[in-house]
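Tertiary structure, described
Chain residues, written in single-letter form:
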Amino acid sequence: MPGSVPRVVIVGGGFGGLAAARALKNAPAEIVLIDRVNHHLFQPLLYQVATAVLATGQIGSPIRNILRKQKNTIVILGEVTGVDKDKKCVFVKDADRTGVPIPYDFLVLATGVTHSYFGHNEFERFAPGLKSLADAVSVRNKILQAFEQAEAEEDPSRHRDLLTFVLVGAGPTGVEMAGAIAVLVRNTLKSEFRRINPEKARIVLLDMAPRVLGTFSEHLSQAAKARLESLGVEVRLGNGADQIDAEGVIVAGERISSQTVIWTAGVAPSPAGKWLNVTTDRAGRVRVQQDVSVPGYPEVFVVGDTASLDQDGKPLPGVAQVAIQQGRYAGNLIHRVLSGKSRPGPFRYFDKGNMAVVGKGFAVLQSGKVHLSGFVAWLAWAAVHLQFLAQSSLRLSVFLQWIWTCITGQRGSRLIVNHHGGELRTQGPQETHLELAKTSK
Ligand SMILES: Cc1cc2nc3c(=O)[nH]c(=O)nc-3n(C[C@H](O)[C@H](O)[C@H](O)COP(=O)(O)OP(=O)(O)OC[C@H]3O[C@@H](n4cnc5c(N)ncnc54)[C@H](O)[C@@H]3O)c2cc1C
């Protein structure tokens, strides 16, 4: 025991970790929530930051602010680097120390996933992924900078390459990004440039799968594809990216020249399985028992994207609802044990359905037997996403921004912010000509 009051350590303040912490609000324990960033992030709206609709502060909130009224909870900014499950402590790296041991009586690991380039880590340099706020700002910079670079470029033959956007991976993130870029070029940017016509931007969405949104029904996946094509997106299925470099992408032997390639494909779990040295599934996610605890260690729980659990013979998907429900379940279980009650029955996921947005005012929705596409599905998407934002101030701010963007076409945050210096140029083989004296149409 770390002290007289039992201690619950939660690693990760994402959907799973936050739900666990909230479920322990009135528990007779000290709750220590550790995250390597100071904010909880609403990842489903990351693509809107990457396409300049929303600002970073509209989809993220400081974790300590969210939990400010929870008097039994302490929030620590630090990165967990390992777990000693026999000595019952986690090791933390913070700003000036490494390997600081933090003992626990109960441990909840909710550390999510990171990008996976399917063994091609060399692609990362040229095709950033979308997982954190820093990623979203970097993708936003890349997209907005491409237009600036094209406007400054006097050689019109280079405009097409500069204005070609390739999204690798046609799951929900790729589809949502492609739709949002299409709306950006058609609505927001169209009248602001003189040398280039943003509407002529080429947006390519590619995937080796035979259809977009593979987890949705065939019918909804076709509706999403048709909608993307009506927005001018080129959907190329059946072949993945063989090569990604500074010149663009090679797909099925064909080079697509592009300065802006965005990785919207695979993810890999956090190293929680390695820290614990326990059985993982093929992807590396920790195999948990029906009560989301680790076999042989009833005080250690793994929830959300970094856990692997089957229900009715199928693995649970890596979505926010699974993480929230598992986090809440683990928190309630620990609370019961701490209060001298019996452990609850096994965890059971209640599937509320799947949704994805495709451009302005259009979404696909699949919930049980209900399959919808179009504006009504978009209204449901908007309501659900507003409801699940962490704080009411964010709900109001996002709602107002959406209305403003809908009416005016204007976006909330179109600033190019280079946090690491003022370099104007994205990587590329040729220099950009910044001689603005002559303007050619
Ligand atoms: C772009 C995008 C769009 C998505 N859209 C949807 C959607 O529309 N609907 C849906 O249901 N799901 C969506 N998802 C998936 C959903 O966001 C995840 O399933 C969910 O976030 C998983 O929750 P989690 O708690 O397991 O992990 P996360 O929410 O990722 O939280 C993990 C936390 O752990 C912290 N952490 C990680 N490692 C360490 C460490 N070593 N030390 C300390 N802290 C650490 C991280 O900083 C983070 O705060 C989307 C995901 C992405 C990336």
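Quick notes on the rules
- Residues numbered from 1 in each chain as written.
- Predicted model: local features only at pLDDT ≥ 70, side-chain atom pairs only at ≥ 80, totals over all residues.
- Heavy atoms only, no water.
- Helix = DSSP H or I, 4+ residues; strand = E, 2+ residues; numbered from the N terminus.
- Rg over C-alpha atoms; globule rule 2.2 N^0.38 Å.
- Buried < 20%, exposed > 50% of the residue type's maximum accessible area, 1.4 Å probe, protein only.
- Contact = heavy atoms within 4.5 Å.
- Areas by Shrake-Rupley, 256 points an atom, 1.4 Å probe, with all protein chains shown as cover.
- Phe/Tyr/Trp six-rings, centres within 6.5 Å; stacked < 30°, edge-to-face > 60°.
- Near = heavy atom within 4 Å.
- Polar contact = N/O pair within 3.5 Å; in protein donor to acceptor, adjacent residues only side chain to side chain.
- Axes fitted to C-alpha atoms, helices over the stretch in contact; angles between N-to-C directions.
- Parallel < 35°, antiparallel > 145°, perpendicular 65-115°, else oblique.
- Left-handed = near helix turned anticlockwise from the far one by under 90°.

1. Overview of the overall build of the protein
Regarding its fold elements, the protein presents 11 helices and 27 strands. For 441 residues, the compact-globule estimate of 2.2 N^0.38 gives 22 Å, and the protein sits close to it at 23 Å. Along the three orthogonal principal directions, the C-alpha set of the protein runs to about 75 × 55 × 45 Å. Within the protein, the proportion of its 441 residues that are buried is 52%. Considering only residue pairs separated by 6 or more positions, the protein has 65% of its internal contacts joining residues 24 or more positions apart. Surface accessibility of the protein: about 20,100 Å² in total, with carbon and sulfur atoms responsible for 53%.

2. Description of the packing of aromatic side chains
Tallied over the entire structure, the rule returns 10 aromatic pairs. Measuring from ring centre to ring centre gives 5.7 Å for Phe15 and Phe42, while their planes differ by 70°; the resulting arrangement is edge-to-face. With a gap of 27 residues between them, Phe15 in helix H1 (residues 15-23) and Phe42 in the loop between strand E3 (39-41) and helix H2 (46-50) connect regions that are remote in the sequence. Comparing Phe15 with Phe42, the two get one shared label, buried. One aromatic cluster is present, formed by Tyr117, Phe118, Phe123 and Trp263 through successive ring pairs.

3. A short note on the site of the ligand
The environment of the ligand is formed by 27 residues, the closest being Gly16, Asp35, Gln43, Val80 and Asp305. Between an oxygen atom of the ligand and a side-chain N or O atom of Asp35, the distance comes to 2.6 Å. Within the backbone of Ala320, a nitrogen or oxygen atom sits 2.9 Å from an oxygen atom of the ligand. In isolation the ligand offers 1,000 Å² of accessible surface; the protein chains occlude 88% of this area. For the shell around the ligand, the elements supplying multiple residues, two or more each, are H1, strand E6 (79-84) and helix H9 (320-338).

4. Brief notes about the environment of Val251
Position of Val251 relative to the elements: it lies in strand E15 (residues 248-251). Those residues within four positions of Val251 in sequence are excluded, and the remaining contacts are Leu206, Asn239, Gly240, Asp242 and Ile256.

5. Some points on the packing of helix H10 (residues 375-388) against helix H11 (residues 392-408)
Look at H10 against H11: their axes get within 9 Å of each other, and the N-to-C directions meet at 150°. Taken together, the axes of H10 and H11 lie roughly antiparallel to each other. H10 and H11 meet at a crossing whose hand is right-handed. Note on element contacts: H11 touches H10 through Arg395, Val398, Phe399 and Trp402, opposite Trp381, Ala382, His385, Leu386 and Gln387.

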